Every structure is written in structure tokens, then in C-alpha cells.
Amino acid sequence: MSAASAPRARLVGPPASPPRHRTLVEALAAAASHSSGVTFVDLAEREVTIGWSEVAERAARAATRLRGWGVRPGDRVAIVLRTEPAFLDAFFGAWWAGAVPVPLYPPVRLGRREEYLAGTARMLQRAGASLLLAGGVAGKLLGEVVLRAAPRLGARDAGGLLDGAPAPPPATDPGSLGLVQFSSGSTVAPKPVALTHAALQAQADALIDLVEPTAADVLVSWLPLYHDMGLIGGLLGAMSHPGPLVLIAPEHFLARPALWPRAVARHRGTISPAPSFAYAYVADRVSPAELSGLDLSSWRLALDGAEPVSLEALRRFAARLAPSGFDERALRPVYGLSEAALAVTFSTARRAPAAARVDAGRLAGDGVAAPGLREVASVGGPIPGFEVEVRSDDGEVLAEDRLGRIWARGPSLLRELLGDPEGTARLLVDGWLDTGDLGFVRGGELHVHGRAKDLVIVRGANHAPEEFEAALAGLTGLRPGCAVAAGALLPGVEGEGLLLLAEVTPGGGTDDPGLSARIARAVLERTGVAPRRVELLRPGSLPRTSSGKLRRQEALRRFLAGTLAPPDPSGPLGLAAWAAGSQLATLRGWLRRVAR
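Let me sum up the structure you'll find in this document. A quick note: this is a predicted structure, and the numbers were derived from the prediction, not measured.

### Focus on the sheet that holds strand E14 (residues 343–346)
For step 1, the next point in the chain: Read from one edge of the open sheet, 4 strands run E12-E13-E14-E17, paired in mixed fashion. Of all strands in the sheet, those bounded by a partner on one side alone are strand E12 (302–304) and strand E17 (381–382).
For step 2, the next point in the chain: Note that E14 and E17 share 2 bridges and pair antiparallel. Among the inter-strand pairings, Phe-346 is bridged to a residue of E17, identified as Gly-381.

Shown next, in the form of C-alpha cells:
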């Protein structure tokens, strides 16, 4: 078959359904008549449930309080709260007041204090936030952030949101701004993605069409509420249906990963999403004793997204949980990004996760797929209302089995990047979104190869860094999932070569030539490429996004600058010092406002 007659890499999803509601604010009001609600699970598996009727009533009271604090329709309200009822009060209260919520991640990595303060202040400024809502320990640590960002209304304790009387529901324009969510920042600084109420409603409707929830379905999630997969796919999806939602704080999942499958079994959970690292984490860290007696046969959709899909992790997860009744056909790789609200493609076939075996070097070099070294997972086809194209650098839609840049078009795309018209113009072209990802189409399904900015070029061939990083899985002495591959110009070496940055296990040494040699050998045997340099790092050295993704380009930048190091230890004294500095900054900010 000639290239001209070969099937093109263009996929069209089913038609979008008519909106179930004008906006998700109306969906919340409608959910108030449903008997289900949100259950919060703590580290000791104690539970607190709030019905959707109470969620809506609390939102109405929070709206009155926000208006009393000076919040007006269209104002942006930043929210720095953990997975707790107060987050729902703040988020839905902002909507009920006609304002725009801006969820931000709380300070969980105390050792990177300056990095957190600078990043959060920058996000507050870029979002144009007029109020910061926080609470608990996090609220005591944010004084310096407020001082740097200088929102005109300052900061408020979310604990005071329920002091007002219920306000009537607002009349919300579907075309108005409904959410500012920051992109993960895996390759660049997080960007403020502006989504309309109509876009959020379209995404929720598409997910409901795909999942086809019934009265028996229960959604269980440990994903952060300050990121799209946990917020839109979890909280807003369950509310829009409406149906029961079980929430576990992400820090509790990381401390005790068995909480996740145990909650699924206890609540007869049917739908639960996570990125690949979580499936590997459960497979590696959850003991048979913790799974003893669990029945996971109800789990019908285990979605895998938010980062490159690891088929090896999914297989190990399925094998570990099979004795508890888990069916590997429940595993569904998906693809999306914050600029599309959440999902772009979705695996609908009830089967074990599918993959294309490709020679990654040839696929990247001349566009020809062939049997070989790397499995690239299928992430299915477009969700309702969406189209996907794989294009060449000059904009041509490629043939199937050719690697190119992934473009997407659909009803839940962002309106803009706030305050960045030039960035918006680069991202949105004639209604199409440049995802920045590389992929190919095979058999009518999309396969995502990796981020374009992360490509490693060796001897003129393009490689996804995951090719090299996957070769280190299971190597004794390395932290699982804590390695970065990058192309770099290294001192004393001619041309760009493969650099591997890998964290050792706690207590391990960073000067072990035997471990470095095993790493180099594993990569050479798996990929045919010999690393120019292997650098062993102390645990925690590699920078990550707020959602846990590795920041490869930032890791390379810090390595070349000699600043790649783990965070400073931060015990109770460090926390107390941070809190004291925060309170001093809060006082300085108050004095500054009084002096005006």
C-alpha cells in the first residue's frame, strides 16, 4: 500500500450528548436530592460521610461568607486545602458565589520550603487570585506566600466558611470562566489553564457516557483534588452523575497503599483511577496479609492515566490482586491533559491492556513501526465530541504507524492560558490543541510515545526517555520509578550522549561502581544504546511536579548547574521555624495594608 493510500492517523470520537445541565453548578443543586454523598477515609480507616444535600447546603453557606469577605462574581479564589470536607466547602462555595476556584497543592514537602513558596506565589499571581483560602497546618505556613503574591484581599481560614446563612444558587453563564487549574509542569513551569463552565460540563458528560454508571456504581479515589484527574474525573464526575464517592487523602495512600484496595473492597467500589506509579506502588508495597479476605471482583474500571502508561506495572498489579478477585480486563489506559479539562482518549474494550511492539528508534527516526524493543500502550479512541490527529512538523496528517505530534479538538478544551495570549496562540491553532506529545495510530487506536520536549537524541535517532528508564525496573539498589534519562552535552565527551540520573535506595551509597555498571549494562542490553554517564543520587534528589511526575528537563538543568540534591531534612523544629516565619510575614502584610 502506498503512503498516499495508507489509513490516516485521524480518529473521531462518537458525537457528544446534549448537556445534562447548563453548568455543573446546576448539577450540584440537582445532586442535593440524591441520597448518596462523599465519604472521607482517614489513615486508620475511620470514615466520615457527607451527603450531596449537605455538600450543596454547605456551599450555599460558604458563598454568603465569601461575599461578606468581598468576593465578587468572576473573582478568582485560590484554595490550598487537603482532601477534607473544607475543600468541598471552598470549591463549591466559590462556584455558588459566582467566583472561580483555583485549587493549588498544599505544602507537603517541607524540605523544599523556598521552592514551594516561590512556586505558589507565582501561581497566585498568574491566576490573578483575589483571595487565598487555607486551613490547618497549611494555613499556618502560607504567610510568606501571601506577602509575596499580595492578593488584594489577603488570606482567610477556610474553617470560617460555614458561619453564614445559605445563599440562593447563582445564575451561571456556561461561557463564563469556571475553573483555573495549573498544568503539571513536567517540562515547563505550571501554566494557568482557564476552563469555562461549558467545558467542564462537556467533560463530565463525556465521562458519564463512557463509564455508563448505574445506581450500583461507587467511585473510589485517593487522587489529589488539586489536579484534574482527582478533581474533574473524581469529585465532579461523581457529583454530576450523581453517585457515591469515597475519598482517601493522597498522603495517606502513600503512607499506607493498602488503604486503596481495602476501600474498594469495603465499599464494593466499581470505578477507581490512578497513574501507573500507583499500580506499581501497590504491587510492590502491599503485603498478602493486607489483601487477605478482600473481594475486589466489583472493580470494573481501573483507569490508568496522568502519566505514561507502564504495561509492566499494570501486569504486576493485576497478578498481585488476582487472588482477591481483581480482573485484569478492568485495567483501562487513558490519555488526557489539563488543557483538555481531563480526558482526550479512553479505552472502552473489555480486555487486558493492549500494546504495539515497536522498534522505538526506527519509529522515531523514519516513521516505520516494526517489531522490536518497546511496548507502547494503546490509550483507546477519542472520547465523545473529540477528534485526534497525528501530524508531521509541517502540519500534515500522517499515515498510521508513523510517529508525529498529537493534536486534539473537542468541547472541553481550555479557553486560554491566563495572561499569556502568545502562549495561548501557540497552544490553540484553528480550534485544535497542540498537546506537545508524540504518538502514532495503529488499528484505530492512539498510542502515546512520550513528550516531545523530553526526546533523547542519540546518533541521530530519537528515543523516548521511558525506553531507557524502563530498563532499570527491578534493579536492586535503585528506588523504583526514580530515574531520569536525558540527552546532554557532557564535559570531555564529544557530541550529545545518554545521561542517566538514578536515585539509590535509602541507606545506599552513591559511589557504587558496581551498581553504575549494572545500570549501564541493563540499558545497553534492553535498548542497544550505551549510556555516556550514569550518576547515582541520594533519595529525593530528582525534582517532581505537584502530582508526582518527574521533571526531566529541570533535573538535567540542576545536574549541569551542580544543584541537584535532595531536600533539606525537616523535622518538628523546621516546621516550627517555617510557621514562625509565616506568622511574621502575615503580620508584615497586615501592617502594610494598614499603612495604605
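### Notes on helix H7 (residues 197–211)
For step 1, the next point in the chain: Compared with an ideal rise of 1.5 Å per residue, which puts 15 residues at 21 Å, H7 spans 21 Å between its outermost C-alpha atoms and is within 8% of the ideal.
For step 2, the next point in the chain: Buried residues dominate H7, accounting for 13 of its 15 residues.
For step 3, the next point in the chain: In the stretch just after H7, Glu-212 is the one whose phi turns positive, near 50 degrees.

### Focus: the packing of helix H1 (residues 24–31) against helix H8 (residues 228–240)
For step 1, the next point in the chain: Closest axis-to-axis distance for the H1/H8 pair is 8 Å, and the angle between their directions is 60 degrees. Taken together, the axes of H1 and H8 are oblique relative to one another. Contacts from Leu-24, Ala-27, Leu-28 and Ala-31 of H1 reach H8 at Leu-236, Met-239 and Ser-240.

### Structural notes on the nonpolar core
For step 1, the next point in the chain: Among the nonpolar cores identified, the biggest contains 121 residues, and Phe-92, Leu-235, Met-239, Trp-260 and Phe-326 are the most heavily contacted of them.
For step 2, the next point in the chain: It is helix H3 (residues 85–96) that contributes the most residues to this core, 9 residues altogether.
For step 3, the next point in the chain: Not counting residues up to four positions away in its chain, the partners in contact with Phe-326 are Leu-296, Trp-299, Ala-302, Phe-317, Ala-318, Leu-321 and Leu-331.
For step 4, the next point in the chain: Listed in part, the 21 residues of the second largest apolar core include Ala-78, Val-80, Val-102 and Val-145.

### Considering the environment of Leu-536
For step 1, the next point in the chain: For Leu-536, the location among the structural elements is in strand E28 (residues 533–537).
For step 2, the next point in the chain: A sequence separation of 58 residues divides Leu-536 from Leu-478, and the C-alpha atoms of the two residues are 8.9 Å apart.
For step 3, the next point in the chain: Residues within four places of Leu-536 in sequence aside, it is in contact with Leu-478, Ala-502, Val-504, Gly-509, Thr-510, Asp-512, Leu-515, Ser-516 and Ile-519.

### Quick word on helix H13 (residues 311–321)
For step 1, the next point in the chain: Those residues of H13 not exposed but buried are Leu-311, Ala-313, Leu-314, Phe-317, Ala-318 and Leu-321. The buried residues of H13 occupy one face: seen down the axis, they fall within an arc of 160 degrees.

### Comments concerning the pairing of strand E15 (residues 355–358)
For step 1, the next point in the chain: What you see with E15 is a clean split: Ala-356 and Val-358 sit on the buried side and Ala-355 and Arg-357 on the side with no burial.
For step 2, the next point in the chain: Pairing of E15 with strand E16 (residues 374–377) involves 4 bridges; the strand directions are antiparallel. The residue of E16 that forms the bridge with Val-358 is Arg-374.

### Let's talk about the pattern of salt bridges
For step 1, the next point in the chain: This structure, assessed with the given rule, holds 36 salt bridges.
For step 2, the next point in the chain: Note that Asp-42 and Arg-46 form a salt bridge whose closest N and O atoms lie 2.7 Å from each other.
For step 3, the next point in the chain: Taking the shortest distance from any N to any O, the salt bridge between Glu-47 and Arg-266 comes out at 2.9 Å. Within this pair, whereas Glu-47 is found in strand E3 (residues 47–51), its partner Arg-266 is found in helix H10 (residues 259–267), the two being separated by 219 residues in sequence.

Calculation rules
- Residues numbered from 1 in each chain as written.
- Predicted model: local features only at pLDDT ≥ 70, side-chain atom pairs only at ≥ 80, totals over all residues.
- Heavy atoms only, no water.
- Pairing = 2+ DSSP bridges.
- Helix = DSSP H or I, 4+ residues; strand = E, 2+ residues; numbered from the N terminus.
- Expected span 1.5 Å × (residues − 1).
- Buried < 20%, exposed > 50% of the residue type's maximum accessible area, 1.4 Å probe, protein only.
- Axes fitted to C-alpha atoms, helices over the stretch in contact; angles between N-to-C directions.
- Parallel < 35°, antiparallel > 145°, perpendicular 65-115°, else oblique.
- Contact = heavy atoms within 4.5 Å.
- Core = buried A, V, L, I, M, F, W, Y, C linked by side-chain atoms within 4.5 Å.
- Arc of directions from axis to C-beta.
- Salt bridge = Lys/Arg side-chain N within 4 Å of Asp/Glu carboxyl O.

None of the figures reported here should be taken as evidence of function without further support.
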